[in-house]
Structure formats: C-alpha cells, structure tokens
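Working through the structure, step by step
Letter by letter, the chains look like this.
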Amino acid sequence: MSIAHQFLQLAIEKNVLKLGEFTLKSGRISPYFFNAGLFDDGRSLHLVGDYLAQTLEQSGIVFDGLFGPAYKGIPLATTLAIAYQQRYGRNLPVTFDRKEIKDHGEGGQVMGATLKGRILIVDDVVSAGTSVRHSIELINQSGAQAVGVAVLLDRQEKGQQALSAMQELQQQFKLKTTAIAGLDDLMAMLPDDSGDARRVADYRQRYGC
C-alpha cells in the first residue's frame with residue numbers, strides 16, 4: 001500500500017477527511033473536507049510525521065531546517081522533525097511564527113531555532129497561499145532562503161486563475177513543492193461505482209488543474 005493510501009486511510013479513520021457536501025471558504029461546494037486539526041493524538045501525529053518524512057526523502061528537496069506557520073504548521077513541523085530523527089538520524093532545527101508579534105519576554109514574531117540556510121515550509125494544505133507567502137517573507141527577512149513547501153494534502157484545484165495555489169508558489173517563488181497525497185490519490189482509492197467517486201470526479205473536472 002502506498003504512503004498516500006495509508007495516509008488517506010488514517011485521515012478518514014480520524015475524521016480529518018470527510019466525504020459528503022461541504023461549502024468551502026471560496027464558496028465552492030466540495031465533495032470532501034480536510035481538517036488536519038483532528039490529527040489530535042500521539043499515534044496519528046507520529047504516523048503523519050513519518051509519512052511526511054518518507055515523502056520528502058522521495059521528493060529530492062534539499063533543505064537545512066523546518067518552518068511551521070501558525071497554527072497547524074506548528075505540530076506538523078514538530079512531528080516531522082521527530083520523524084526525521086527517528087527514521088533517518090537527522091537532527092533538523094524547527095522554527096515557528098506567531099500570529100501576533102510578542103512585545104515582552106524574548107519578543108518578536110519568530111520562535112524556535114534561528115532561521116538560516118535552506119528552509120522548508122510545512123503546512124496542512126495550501127488554499128490561497130497567504131500563510132506561505134507570509135512565511136517566505138519572514139524567512140527571507142531573517143537572511144535564510146525558503147526553498148520548498150511540504151503539505152499533507154494537495155487539493156490540485158485551480159485558484160482564481162488556471163493554476164493551483166501550489167503551482168503559483170512554484171512559479172512565483174521558484175519553490176519546490178510536495179504533498180503526501182493529492183486529489184488524484186483520493187479518487188484512486190474510492191470505488192468506481194460509488195456516489196463519492198462520481199462527485200469527486202465531477203469536482204475534479206470542474207475545478208481541477
């Protein structure tokens with residue numbers, strides 16, 4: 001069983017991935033909904049980190065440290081760092097940002113390891129790409145270089161234009177991107193004659209890129 005298939009099975013088991021009819025922030029009616037916040041226990045976070053580490057090793061993206069955008073990127077970058085240490089013996093520094101700039105204590109908007117070298121941004125999904133663009137700005141201001149984006153699920157659907165948010169990031173910032181699974185993987189695991197499969201295929205036909 002592929003890593004993508006194992007991940008999607010876990011996501012369905014944890015109700016992270018739900019099939020049905022959902023109105024997205026964009027106004028689109030989607031046949032599925034993904035909420036990575038429901039990876040909410042040690043077992044599921046451990047598995048997600050391991051799946052993501054294996055996906056990254058296969059991607060060929062070269063990076064020196066991890067950046068997790070607040071909020072969902074924080075546990076994901078953390079579990080990925082642990083998985084890299086356990087599976088590959090590689091000790092990766094991890095950095096996060098705050099939604100609000102802290103004006104006391106250590107202060108600032110960034111916490112964790114000092115940003116330096118080639119940085120990989122880790123998040124759940126990329127929708128409009130707003131949080132990733134903000135992360136790139138913070139990373140570059142620190143003198144480091146954002147080189148890639150790794151997400152759990154690539155929705156593989158176009159934004160306002162013909163490209164997806166992931167493709168726009170690749171084009172605009174010359175970033176490499178990868179995901180544990182994509183919409184194509186979800187379609188491949190649904191029975192061909194099921195209503196869910198037909199609805200996902202119709203959605204892909206209308207909004208896919």
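Residues numbered from 1 in each chain as written. Predicted model: local features only at pLDDT ≥ 70, side-chain atom pairs only at ≥ 80, totals over all residues. Heavy atoms only, no water.

**Considerations on the pattern of salt bridges**
So the rule is basically this: Only one rule defines a salt bridge in this text: a Lys or Arg side-chain nitrogen within 4 Å of an Asp or Glu carboxyl oxygen. A helix here means a DSSP run of H or I that spans at least four residues, while a strand means a run of E at least two residues long, and both kinds are numbered starting from the N terminus. A 1.4 Å probe rolled over the protein chains alone gives each residue an accessible area, and that area as a share of the maximum for its type sets the label: buried under 20%, exposed over 50%, partly exposed in between.
Across all of its chains, the model carries ten salt bridges by this definition. In this structure, the salt-bridge partner of R87 is D50, at a minimum N-O distance of 2.7 Å. With a gap of 37 residues between them, R87 in helix α3 (residues 73-88) and D50 in helix α2 (residues 42-59) connect regions that are remote in the sequence. Judged by relative accessible area, which is 43%, R87 ranks as partly exposed.

**Here we look at the packing of aromatic side chains**
This is how it is decided: Working definition: rings of Phe, Tyr and Trp (its six-membered ring) pair if their centres are within 6.5 Å, and the pair is stacked with planes under 30 degrees apart, edge-to-face with planes over 60 apart, and tilted otherwise. Geometrically, a lysine NZ or arginine CZ counts as sitting over a ring once it is within 6 Å of the ring centre and also within 35 degrees of the ring normal.
By the definition in use, this model includes seven aromatic pairs. Centre to centre, the rings of Y84 and Y88 are 5.3 Å apart; their planes meet at 45°, and the pair counts as tilted. In this pair, Y84 and Y88 both sit in helix α3, four residues apart, roughly one turn of the helix. The class for Y84 is buried, based on a relative accessible area of 0%. Three or more aromatic residues joined by ring pairs make a cluster, and in this case those are F7, F34 and F39. Above the face of the F63 ring, R90 is positioned so that its terminal group lies 4.9 Å from the ring centre. Seen from the ring of Y84, R90 lies directly overhead, with NZ or CZ sitting 5.9 Å from the centre.

**Some points on the side chain of T79**
Definition in use: Whether two residues touch is decided by their heavy atoms; if any such pair falls within 4.5 Å, the residues are in contact.
Relative to the helices and strands, T79 is located in helix α3. Overall, the relative accessible area of 10% leaves T79 in the buried class. When sequence neighbours within four positions are dropped, the list of residues in contact with T79 reads L45, H46 and G49.

**Observations concerning α3**
Residue pairs spaced three or four apart in an α-helix point in one direction, given the helix's 3.6 residues per turn. The condition is simple: For a helix, the expected span equals 1.5 Å multiplied by the number of residues minus one.
The terminal C-alpha atoms of α3 lie 21 Å apart, and with 16 residues this matches the ideal 22 Å at 1.5 Å per residue to within 8%. Just past α3, the residue G89 takes up positive phi, approximately 65°.

**Overview of the environment of L138**
Here L138 shows up in helix α4 (residues 130-141). Sequence separation between L138 and Q109 is 29 residues, and the spatial gap between their C-alpha atoms is 8.7 Å. In this view, L138 contacts F67, D97, Q109, V110 and L115; residues no more than four positions away in its chain are not counted.

**Focus on the environment of R98**
Of note, R98 is situated in strand β4 (residues 94-102). Since its relative accessible area comes to 14%, R98 is described here as buried. When the C-alpha atoms of R98 and S142 are compared, they prove to be 15 Å apart, with 44 residues separating the residues in sequence.

**Focus on the packing of helix α1 (residues 3-13) against α2**
Applied cut-off: Working convention: axes come from line fits to C-alpha atoms, limited for helices to the stretch in contact. Angles between N-to-C directions cover 0 to 180 degrees. An angle below 35 degrees is read as roughly parallel, one above 145 as roughly antiparallel, one from 65 to 115 as roughly perpendicular, and any other as oblique. Crossing handedness: left-handed means the near helix sits turned counterclockwise from the far one by under a right angle, and right-handed means the same turn made clockwise. Lys, Arg, Asp and Glu make up the charged group, whereas Ala, Val, Leu, Ile, Met, Phe, Trp, Tyr, Cys and Pro make up the nonpolar group; the residues left over, Gly among them, are polar.
As a packed pair, α1 and α2 sit with axes 10 Å apart at the nearest point and diverge in direction by 155°. One way to sum up the angle between α1 and α2 is to call them roughly antiparallel. Between α1 and α2 lies a crossing of left-handed hand. In this structure, α1 contributes I3, Q6, F7, L10 and E13 to the contact, and α2 contributes R43, S44, L47, V48, Y51, Q54, T55 and Q58. Its residues assigned to classes, the contact of α1 with α2 comprises six nonpolar, five polar and two charged.

**Some points on the side chain of R155**
Definition in use: In protein, a polar contact means a hydrogen-donor-capable atom and an acceptor-capable atom, both N or O and within 3.5 Å, with residues adjacent in sequence counting only if both atoms are side-chain atoms; elsewhere, any N or O pair within 3.5 Å suffices.
With respect to the element layout, R155 can be found in the loop between β7 (145-154) and α5 (165-173). The exposure class of R155 is buried, given its relative accessible area of 12%. At a separation of 3.2 Å, a polar atom in the side chain of R155 contacts the side chain of S30. Reaching out from R155, the side chain makes a polar contact with the side chain of E157 at a distance of 2.9 Å.

**What to know about the nonpolar core**
Here is the rule: Each nonpolar core is a collection of buried residues, namely Ala, Val, Leu, Ile, Met, Phe, Trp, Tyr and Cys, held together in the definition by side-chain atoms within 4.5 Å.
Of all hydrophobic cores here, the largest spans 44 residues; its most connected members are F7, F34, F39, L66 and L152. Setting aside residues no more than four positions away along its own chain, F34 makes contact with F7, A11, V16, L17, F39, D124, V125, L152 and L153. Counting residues in each nonpolar core, the second largest holds 18 residues, with I119, I121, L138 and I139 among its members.

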